[in-house]
Amino acid sequence: MQLNLHSRLAQRVLLQLAHRPYRSEQDLYEAASAVAWEEWFGPRETFKIELTAQHSPLKSLNFAALRIKDAVADRFRNRGGVRPDVDTQRPAVRIFAHLAAESVTLYIDTSGEPLFKRGWREDKGEAPLKETLAAAMLAASGWDATLPLYDPCCGSGTIAIEAAQVACNIAPGLLRRFGFERLRPHVAADWVALKAQAQAARRAPSAAVFGSDVAFRMVDFAQRNAQRAGVAEALQLRGGDALQRMPPTETPGLLLLNPPYGERIEAAGVAGAGRGGRERAQMEQAGDFFAQLATHWKRHYAGWTAWVLSPDAKLPGRMRLKESRRIPMWNGPIECRLFRFDMVAGSARERDAAGS
């Protein structure tokens, strides 16, 4: 319950119920049959088997999942004459199985919907960032909720809202329901007490958080999402071009963003205003935008630290900046890097000339 309520990074919380060797589908059936599923849920609850594998010798993973499903259903039928139904779309209970080369591990899911679904993001734009990835970016940047944070390409507000919740010490799971609430060991009174503790731990924001986007429609989305997330008063959202917005505070802080690229570069600022869907034109627009963004930051954001998530390994070259760190991250199936740039005024050539 604590993990589901408070973790910003986990996708799911699974409870391991069995781990044993296997060589055939019958071994999987026997492993699943040995688990006391009736202690976790009743025959009126629907269930689903989720199976993953790595180096498994079995030829058909679908058949492997079917045998585990049969074992669960047969155990209920053998003990009470009634078996639970399977629901592949909205099951009450999810059972996860992982096949390694020689062992099978069985888990029961305590989360239900994936944990990136916080319950506040109803308004979303194109290719929205998952809340768990936004939280991972915050964690990787080392932001401790004491310095100002600004996302100048905020879209529907995911990064800024996650940051504002951290600054207000708001548990990410307060607005949603979880799979464990339908499991038999669940004690509702304990869950109510945990949520009350989390509510009581909320505080006034420890740092200022800002967001802006060139698309005013997206700013409206972000404001509505922030209202649902309980941080509307802790977050300042504005419209405006990333290439023109000045620092939102006199105190240097952290720039953290997942800028649009490719076909969406035009949403990022005036440098992407051109049309044309060909890849070459897109790359030229992207390079132009990022070069102008770096120039703007060097001119106006001296002392700030910028963290930029991008799938483009050549981004530092496009920005004509030298990164001080690059952290591998995955945006769904897309391999990305979180680049850190320490902003100083002017270019290296200009500083060298001034020094001589």
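Everything quoted here is computed from the prediction, not taken from an experiment. (Residues numbered from 1 in each chain as written. Predicted model: local features only at pLDDT ≥ 70, side-chain atom pairs only at ≥ 80, totals over all residues. Heavy atoms only, no water.)

A few words on the pairing of strand S7 (residues 235-239). Sheet faces and side chains relate simply in a regular strand, where the side chains alternate between the two faces. Of the two faces of S7, only one is covered, namely that formed by Leu 235, Leu 237 and Gly 239; the face formed by Gln 236 and Arg 238 stays uncovered. Across five bridges, the pairing between strand S6 (residues 209-213) and S7 is parallel. The residue bridging Ser 212 from the neighbouring strand is Arg 238, located in S7. Where the polypeptide runs from S6 across helix H7 (residues 216-229) and back to S7, its parallel neighbour, the crossover connection is right-handed. (Buried < 20%, exposed > 50% of the residue type's maximum accessible area, 1.4 Å probe, protein only. Helix = DSSP H or I, 4+ residues; strand = E, 2+ residues; numbered from the N terminus. Pairing = 2+ DSSP bridges. Right-handed = clockwise from strand over helix to strand, strands pointing away.)

Our focus in this paragraph is the nonpolar core. Nonpolar side chains tend toward joint burial in soluble globular proteins. Among the nonpolar cores identified, the biggest contains 75 residues, and Phe 41, Leu 106 and Trp 143 are the most heavily contacted of them. Core analysis: the next-biggest nonpolar cluster, separate from the first, contains 22 residues, Tyr 150, Phe 290, Ala 306 and Phe 339 among them. (Core = buried A, V, L, I, M, F, W, Y, C linked by side-chain atoms within 4.5 Å.)

On to the confidence of the model for the protein chain, then. Confidence in the prediction for the protein chain averages 91 pLDDT; 88% of positions are at 70 or higher. Note that pLDDT drops below 50 for residues 263-283; the model gives that stretch 38 contacts with residues more than four away or on any other chain. (pLDDT = per-residue confidence, 0-100. Contact = heavy atoms within 4.5 Å.)

Going through the model one piece at a time under the given rule, you end up with eight aromatic pairs. Plain terms: the ring middles of Phe 41 and Phe 76 are 5.1 Å apart, the flat faces sit at 45 degrees to each other, and that makes the pair tilted. Placement of the pair is Phe 41 in the loop between helix H2 (25-33) and strand S2 (47-53) and Phe 76 in helix H3 (residues 61-80), with a sequence separation of 35 residues. This pair shows no difference in class: Phe 41 is buried, exactly as Phe 76 is. Look at Phe 178 and Trp 191: their rings are 5.7 Å apart centre to centre, the planes differ by 85 degrees, and that puts the pair in the edge-to-face class. One end of the pair, Phe 178, is in the loop between helix H5 (158-167) and helix H6 (188-200); the other, Trp 191, is in helix H6, and 13 residues separate them in sequence. By relative accessible area, which is 5% here, Phe 178 ends up buried. (Phe/Tyr/Trp six-rings, centres within 6.5 Å; stacked < 30°, edge-to-face > 60°.)

Attention now moves to the sheet that holds strand S1 (residues 14-21). Sheet strands line up and pair through hydrogen bonds in the backbone, either parallel or antiparallel. Judged by pairing direction, the sheet is mixed, and its four strands sit side by side in the order S1-S4-S3-S2 without closing on themselves. With one partner strand each, in any of the chains shown, S1 and S2 form the two edges of the open sheet. The average angle at which neighbouring strand axes cross in this sheet is 20 degrees, direction not considered. Against the sheet, H2 contacts S1, strand S3 (93-99) and strand S4 (103-109), and its axis sits at roughly 40 degrees relative to S4. Contacts from H3 reach S2, S3 and S4, with the element oriented near 140 degrees to S2. (Axes fitted to C-alpha atoms, helices over the stretch in contact; angles between N-to-C directions.)

This part covers the environment of Ala 71. Turning to its location among the elements, Ala 71 is positioned in helix H3. Of the residues examined, Ala 71 reaches a relative accessible area of 0% and is grouped as buried. Sequence separation between Ala 71 and Val 35 is 36 residues; the distance between their C-alpha atoms is 9.4 Å. When sequence neighbours within four positions are dropped, the list of residues in contact with Ala 71 reads Tyr 29, Ala 32 and Ser 33.

Further remarks concern the sheet that holds S6. One open sheet holds the seven strands; their spatial order is S7-S6-S5-S8-S9-S11-S10, and the pairing between them is mixed. Two strands close off the open sheet at either side, each with one partner strand: S7 and strand S10 (325-331). Geometrically, the sheet is characterised by an average inter-axis angle of 20 degrees between neighbouring strands, direction not taken into account. Of the pairings in the sheet, the one linking S10 to strand S11 (residues 334-342) comprises seven bridges and is antiparallel in character. Bridging from a neighbouring strand, Pro 328 pairs with Arg 337 of S11. Sheet strands in contact with H5 are strand S5 (149-151), S6, S7 and strand S8 (254-257), and its direction is about 170 degrees off that of S6. Contacts between H7 and the sheet are confined to S6 and S7, with S7 contributing the most and set at about 165 degrees to the helix.

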